[in-house]
Amino acid sequence: MTGLRGAALLEVLSAAATNTGVALVVAALLIRCLYLGWHKTEALHVLTDGESCLRWHTTRYEIHEEPWPDPPAPVPAPGAEVTVYYRVRDPRRWALTAPYRMTRWLFWTGAVLTVIGLLLPVLLG
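Computed from a prediction, not measured in an experiment: that's the story for all the values here. (Residues numbered from 1 in each chain as written. Predicted model: local features only at pLDDT ≥ 70, side-chain atom pairs only at ≥ 80, totals over all residues. Heavy atoms only, no water.)

Draft legend 1. Here's a closer look at the overall build of the chain. Each helix and strand counted, the chain has two helices and five strands in total. Starting at the N terminus and walking to the C terminus, you meet the elements of the chain as α-β-β-β-β-β-α. Relative to the compact-globule value of 14 Å for 125 residues, the chain shows a C-alpha radius of gyration of 23 Å, a clear excess of over 25%. Summarising its shape, the C-alpha atoms of the chain cover approximately 80 × 30 × 20 Å along the three principal directions. Going through the 125 residues of the chain one by one, you find that 29% of them count as buried. Residue pairs at least 24 apart in sequence account for 62% of intrachain contacts in the chain once pairs closer than 6 positions are excluded. Element-wise, carbon and sulfur atoms account for 64% of the exposed surface of the chain, whose accessible area totals about 8800 Å². Positive and negative side-chain charges in the chain, numbering 11 and 10 respectively, have mean positions lying 12 Å apart. (Helix = DSSP H or I, 4+ residues; strand = E, 2+ residues; numbered from the N terminus. Rg over C-alpha atoms; globule rule 2.2 N^0.38 Å. Buried < 20%, exposed > 50% of the residue type's maximum accessible area, 1.4 Å probe, protein only. Contact = heavy atoms within 4.5 Å. Areas by Shrake-Rupley, 256 points an atom, 1.4 Å probe, with all protein chains shown as cover. Lys, Arg positive; Asp, Glu negative; His and termini not counted. Charge placed at Lys NZ, Arg CZ, Asp CG, Glu CD.)

Draft legend 2. View of the environment of I63. Relative to the helices and strands, I63 resides in strand β3 (residues 63-67). Distance in space between the C-alpha atoms of I63 and A16 is 51 Å, their sequence separation being 47 residues. Every residue in contact with I63, bar those within four places of it in the chain, is listed here: R55, W56 and H57.

Draft legend 3. Looking closely at the sheet that holds strand β4 (residues 81-87). Ordered in space as β3-β2-β1-β4-β5, the five strands form an open sheet in which the pairing is antiparallel. Two strands in the sheet have a free side with no partner beyond their single neighbour: β3 and β5 (94-95). Relative to strand β2 (residues 51-57), strand β1 (residues 38-48) runs antiparallel, the two sharing five bridges. Across the sheet, residue T48 finds its bridge partner in β2, namely E51. (Pairing = 2+ DSSP bridges.)

What follows is the structure in structure tokens.
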């Protein structure tokens with residue numbers, strides 16, 4: 001495609017890739033900022049009255065214990081370490097996986113699309 005039609009198509013594709021990429025990068029950063037109050041730590045698996053619980057130190061040097069309602073199929077031995085993500089201001093809100101785990105994919109997809117969008121006119125123009 002040469003001429004005015006090819007240049008217009010190239011501009012539209014370049015703008016679409018760049019704008020989509022920037023939007024994905026901004027979305028990933030916004031989601032990550034929303035979870036700044038979450039902290040990663042190591043918790044100990046303890047048995048309290050036959051129930052599985054997780055015990056960890058908070059950032060305020062307090063020992064916090066929460067029931068673990070659904071431990072994995074091979075239940076870890078008492079005293080085993082488990083990685084826990086918890087909310088700093090409310091340690092009762094916790095998770096075993098990072099609540100912001102998918103933001104890396106958003107960020108890198110957006111970064112690649114932005115670079116492609118910026119380089120498209122240079123390489124094909």
